[in-house]
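Take a look at the letters that make up each chain.
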Amino acid sequence: YENPKIRSEILREILTAIPSIVRGKSVVVMDETIASGKTLAVSINILKNAGAKEIHIRIPSPIMLSNCRNNMLDKDAELIAAKYFAKGAFNKEEIEEELKKYFEVDSLNFLSLDGFLKCFNYKYNIKPCIECLMGNNKNSFISPKNENN
């Protein structure tokens, strides 16, 4: 849905947190990626309203920094992480920290780009297109010092 308000209303109808289960608990939310962040924001709001004590976000893909020329996203999609990259957050940890503050959650972590590439190389011995994950800075998100991201 192009209208963000309508999309948020629909998500609120679809997504549910049962307060008697969530209240006072630490909750881990997994989402495949964060593009605009609108779906995640609605999910977090629902969990907070249900009384979650802590909210931890885990994204099993790398940070998306630019729109995909292969039409995986709308050409004019607003990528929330790209905004922080443009403001000077030039590595994974800085962007994770900025997004943690933005969403007001207890922790937020993405899979590293090198961890993502190892998954493909290990199982399929192929190199996927990673243009949307790299932005214009071809080395900023490959971190050889920690291979367990």
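Quick caveat: nothing in here was measured; it's all calculated off a predicted structure.

Definitions and cut-offs
- Residues numbered from 1 in each chain as written.
- Predicted model: local features only at pLDDT ≥ 70, side-chain atom pairs only at ≥ 80, totals over all residues.
- Heavy atoms only, no water.
- Salt bridge = Lys/Arg side-chain N within 4 Å of Asp/Glu carboxyl O.
- Helix = DSSP H or I, 4+ residues; strand = E, 2+ residues; numbered from the N terminus.
- Buried < 20%, exposed > 50% of the residue type's maximum accessible area, 1.4 Å probe, protein only.
- Pairing = 2+ DSSP bridges.
- Right-handed = clockwise from strand over helix to strand, strands pointing away.
- pLDDT = per-residue confidence, 0-100.
- Contact = heavy atoms within 4.5 Å.
- Phe/Tyr/Trp six-rings, centres within 6.5 Å; stacked < 30°, edge-to-face > 60°.

## Focus on the pattern of salt bridges
Turning to step 1, where the next piece is worked out: Applying the stated criterion across every chain yields a total of five salt bridges.
Turning to step 2, where the next piece is worked out: For Glu104, the salt bridge is made with Lys48, and the minimal N-O distance between the two is 3.6 Å. Within this pair, whereas Glu104 is found in the loop between α5 (92–103) and β3 (107–110), its partner Lys48 is found in helix α3 (residues 38–49), the two being separated by 56 residues in sequence.
Turning to step 3, where the next piece is worked out: Looking at Lys48, the relative accessible area reads 34%, which means it is partly exposed.

## A few points about the pairing of strand β2 (residues 54–59)
Turning to step 1, where the next piece is worked out: Examined bridge by bridge, strand β1 (residues 26–30) and β2 share five bridges and lie parallel to one another. Looking across to β2, one finds that Ser26 is bridged to Glu54.
Turning to step 2, where the next piece is worked out: Where the polypeptide runs from β1 across α3 and back to β2, its parallel neighbour, the crossover connection is right-handed.

## Observations concerning the confidence of the model for the protein chain
Turning to step 1, where the next piece is worked out: Across the protein chain, pLDDT averages 82, with 80% of residues at or above 70.
Turning to step 2, where the next piece is worked out: Mean pLDDT across the elements of the protein chain ranges from a minimum in helix α7 (residues 131–134), with 76, to a maximum in β2, with 98.
Turning to step 3, where the next piece is worked out: In this model, residues 142–149 is a region of pLDDT below 50 whose contacts with residues beyond four sequence positions or in other chains number twelve contacts.

## Thoughts on the packing of aromatic side chains
Turning to step 1, where the next piece is worked out: Evaluated as defined, the whole model comprises one aromatic pair.
Turning to step 2, where the next piece is worked out: Ring plane angle 85° and centroid distance 4.9 Å describe the contact between Tyr102 and Phe103, whose orientation is recorded as edge-to-face.
Turning to step 3, where the next piece is worked out: Looking at Tyr102, the relative accessible area reads 48%, which means it is partly exposed.
Turning to step 4, where the next piece is worked out: Under the relative-accessibility criterion, Phe103 is labelled buried at 5%.

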